[in-house]
Amino acid sequence: MKPWQKWALWGLSLVLVFLLGTKWYAQRYVYPALDKHLHDVVAHASDGLYRVSYDKLDVSLMMGKARISKLKLVPDSQVYRQLEKRQKAPDNVYTLYLEVLNIKGIDLTSLFVDDRLHLDLISFERPKVYLAHHSHAYNQQGIDGAINTDLYGKIAHLTKGVHIEKVAFNGIDFSYVDSQRTSIQHINLKNGSLVINDLMIDSTSRDDSSRFYYMKSLVLSLDEYLMPTKDSLYQIRLQDLSFSTSNRRLLLGHLELEPRYGKREFNQRVGFAKDRISLAFDSIAAYGIDLERLFVDQSFFSKKVRLAQARVEVFKDGTFPKGPKKKHIHDFPHQKLQQMKWGLKLDTLEIGDAFVEYLEVNGKNRETGRLVFAATHGTFYNLTNDSSALAQDGTMDVELHTRFMNKGALDLTFQFDLQDPWGAFAYQGTLGTMEADALNPLVKPLAMVGLRRGQIDKMQFEIKANEQAARGKVELRYSDLWANVYRMNDKNGKMKKWGVVSAFANGIAINASNPDDRGRLHVGQVSYTKPIYDSFFKFLWKSLFEGVKPSVGLTPQRQAEIKEIAEGAIGGAKKIGNLFKGNKDNDQKME
């Protein structure tokens, strides 16, 4: 063996002895010390609330990395109760189960020379996080106090600072339970990822305005999220979620509120006629999110939210009985907004290319009426249930542009009083030119009136309403109108044209045009009392229809005349039927 080979062998042997000796020393002295130190740090930082355990700890100081397997962080319920008595218990309590914790890039020089812990990466693999929230009055210190919690003060006795370039949570299963919000009890997220960039905890980072919770940025990604509603009638589905604190932006590829049952089964489970709502949005973007409100108050405040490619369907089955008797229901959209447990404030909500459809089954003829708003776009201003925001501005304004029944251009404005206990609101609109028969999918099944011909030139309306009644006026300009009145066929249970009544209605009761042939413009006054179980959509169209009737000449007097003719026609038909039946019986006797 040549001399250089001997030296190389001796050198390699010394390295192996050193490494083996280091490993032996680490296992004998360092690992136990680290284990004790880890338990002490967790106990001290949490006031003894949490206990940590794991199956295996591997540390390579030479490589600057560490690995912990099967780590558990579990709260001590007895300590929590003691902290509550001392009014020091936190609002959020975590339980963490972790397959693997990897630590890379441990800077030994910084640790031993500068007394600072610097890490390149901490990765949590397949973590399962369970968060239980219970608010305590003594923790309600406001946003600034909660955000500026002195985390560094809890570790200052151990180090001068901690700097971690990247913290990654991969394959997160997250569960959230709020014991105080009965309407939002559970939130479950599956297979998500969370990345925290440039985490700095030292004496100066708390006051660094470029950081949030000591970090430069947080990025959350989620493939899909499913959550049933409290009543189990719906399921909320989120897909392709991306959230970043650096630009305070939330992006969603898809959001859906989907009924868990078909139209018939839905009402069978409820037991009465209840609106079945289906919502789907293919693109959502929220900008200017208030992070402090989101993380501290669990409230969503945003400067602007954009919704695109939306589809809304509201279905009501009138063949089912009405719901339980109530004096007041308070189910208008802006009333539901105030009933939400989550705080919400959107300065502007922009909607683009939405298709809105209202379907109702007539309980008498079992036909389905259809009200459509296609290619809808517009803006909501001051959409909020926040008390401080409402104190400054208690009105939500809405501007909408749509194609009514997918035919006529309709411009709408709403003003919703967000503080009125009766759900007061007002709306105005202008409808452009369209053929009258485009209304048949709505009026024929629900009003049993069909429009054979006619041209709507323009309709304008102004209405003020609340959950009790609607008052206002409708100005409808049209020409060459002809309507058919329908009734039920007793033999087959289907609608059929009522010739006598239709002829009377078109010949005497209904004006063929407005202004009429004498140039007089008939303006319809709206005075409509809302049936307690009518939905918001039904209330809107029924109120408008109440103003349309006098516009076309159907005054209360003429409606009474048509009713009298109809009843006379029915009575006459029965007399004729009885006459023929009597003659037939006589013929049979004579035979």
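As the structure is a prediction and not an experimental result, all values here were calculated from the model.

> Hey, could you run me through the overall build of the protein chain in this one?
Assigned secondary structure in the protein chain consists of 13 helices and 23 strands. Within the protein chain, the proportion of its 591 residues that are buried is 42%. Taking the intrachain contacts of the protein chain between residues at least 6 apart in sequence as the baseline, contacts between residues at least 24 apart amount to 64%. A total of about 32,600 Å² of accessible surface is found on the protein chain, and carbon and sulfur atoms cover 55% of it.

> I tried to follow the side chain of Ser 244 on my own but got confused; where do I start?
Its place among the elements puts Ser 244 in strand S10 (residues 234-244). By relative accessible area, Ser 244 is classed as buried at 10%.

> I keep staring at the nonpolar core and nothing clicks. Help me out?
When a protein is soluble and globular, its nonpolar side chains tend to lie buried together. Grouped together as the largest cluster of nonpolar side chains are 120 residues, with contacts concentrated most on Phe 404, Phe 414 and Phe 425. If we skip the residues at most four places from it in the chain, Phe 425 touches Phe 332, His 334, Phe 414, Gln 415, Phe 416, Ile 463, Lys 464, Ala 465, Asn 466, Phe 536, Phe 539 and Leu 540.

> Sorry, what's going on with the packing of aromatic side chains here?
The description of two aromatic rings rests on the distance between their centres and on the angle between their planes. Within the structure shown, the criterion is met by 17 aromatic pairs. Note on Phe 332 and Phe 536: the rings are 5.3 Å apart at their centroids and 70 degrees apart in plane angle, and the pair reads as edge-to-face. Here Phe 536 lies in helix H12 (residues 536-551) and Phe 332 lies in the loop between strand S13 (300-317) and helix H8 (333-339), a separation of 204 residues in the sequence. The pair formed by Phe 332 and Phe 536 is uniform in burial state, with each residue classed as buried. Pairwise contacts between aromatic rings join Phe 332, Tyr 358, Phe 414, Phe 416, Phe 425, Tyr 427, Phe 461, Tyr 528, Phe 536, Phe 537 and Phe 539 into one cluster. A cation over an aromatic ring shows up here: Lys 263 above the ring of Phe 315, its NZ or CZ 5.5 Å from the ring centre.

> Got a minute to help me understand the pairing of strand S1 (residues 50-53) in this structure?
On S1, burial follows the alternation: Tyr 50 and Val 52 on one face are buried, whereas Arg 51 and Ser 53 on the facing-out side are not. Where S1 and strand S3 (residues 65-75) come together, four bridges link them in antiparallel fashion. Bridging across to S3, Val 52 finds its partner in Leu 73.

> What is the right way to read the pattern of salt bridges from this model?
Any two side chains of opposite charge can pair, given that their charged atoms come close. Scanning the entire structure with this criterion turns up 25 salt bridges. Linking Asp 534 and Lys 538 is a salt bridge whose minimum nitrogen-to-oxygen distance equals 3.7 Å.

> Help me understand the pairing of S10 in this model?
Both faces of the sheet carry side chains from a regular strand, because those side chains alternate between them. Here nine bridges tie strand S9 (residues 215-228) to S10, and the two strands are oriented antiparallel to one another. Across the sheet, residue Leu 220 finds its bridge partner in S10, namely Phe 243. Counting the residues that bridge the hairpin from S9 to S10 gives five residues, and of these Ser 232 lies at a positive phi of roughly 65 degrees. Both S10 and strand S11 (residues 249-259) contribute to a ladder of ten bridges, which runs antiparallel. Counted as the bridge partner of Gln 239 is His 254 from S11. Hairpin connection of S10 to S11: four residues between the antiparallel strands, including Arg 248 at a positive phi of 50 degrees.

> Where do I start with the confidence of the model for the protein chain in this structure?
Should pLDDT be low for a region, the predicted coordinates there are not to be read in detail. With 84% of its residues at a pLDDT of 70 or more, the protein chain has an overall mean of 82. Scored below 50 in pLDDT, residues 142-148 shows eleven contacts in the model against residues more than four places distant or in partner chains. Every residue in residues 572-591 is under pLDDT 50, and counting partners more than four places away or in other chains gives zero contacts.

> Hey, could you run me through H12 in this one?
Counting along an α-helix, one turn takes 3.6 residues, and residues three or four places apart therefore face a common direction. Its 16 residues place the ends of H12 23 Å apart at the C-alpha level, agreeing with the 22 Å of an ideal helix rising 1.5 Å per residue. Of all the positions in H12, only Phe 536, Lys 538, Phe 539, Leu 540, Trp 541, Ser 543, Leu 544, Gly 547, Val 548, Lys 549 and Ser 551 are classed as buried. A positive phi of about 100 degrees marks Gly 553, the residue just after H12.

> Would you take a moment to explain helix H2 (residues 77-85) for this structure?
Burial in H2 covers these residues: Val 79, Tyr 80 and Leu 83. The buried side chains of H2 occupy one side of the element, clustering within an arc of 105 degrees when seen end-on. H2 presents Gln 78 and Lys 85 as exposed residues on the side facing more than 90 degrees away from its buried surface. Of the surrounding secondary structure, the elements contacted by the buried residues of H2 are strand S4 (92-104). Two to three positions downstream of the cap, the backbone nitrogen of Gln 78 sits 3.0 Å from a side-chain oxygen, assigning the N-cap of H2 to Asp 76. Gln 87, located one to two residues past H2, shows a positive phi value of around 55 degrees.

Scoring rules and cut-offs
- Residues numbered from 1 in each chain as written.
- Predicted model: local features only at pLDDT ≥ 70, side-chain atom pairs only at ≥ 80, totals over all residues.
- Heavy atoms only, no water.
- Helix = DSSP H or I, 4+ residues; strand = E, 2+ residues; numbered from the N terminus.
- Buried < 20%, exposed > 50% of the residue type's maximum accessible area, 1.4 Å probe, protein only.
- Contact = heavy atoms within 4.5 Å.
- Areas by Shrake-Rupley, 256 points an atom, 1.4 Å probe, with all protein chains shown as cover.
- Core = buried A, V, L, I, M, F, W, Y, C linked by side-chain atoms within 4.5 Å.
- Phe/Tyr/Trp six-rings, centres within 6.5 Å; stacked < 30°, edge-to-face > 60°.
- Lys NZ or Arg CZ within 6 Å of the ring centre and 35° of its normal.
- Pairing = 2+ DSSP bridges.
- Salt bridge = Lys/Arg side-chain N within 4 Å of Asp/Glu carboxyl O.
- pLDDT = per-residue confidence, 0-100.
- Expected span 1.5 Å × (residues − 1).
- Arc of directions from axis to C-beta.
- Polar contact = N/O pair within 3.5 Å; in protein donor to acceptor, adjacent residues only side chain to side chain.

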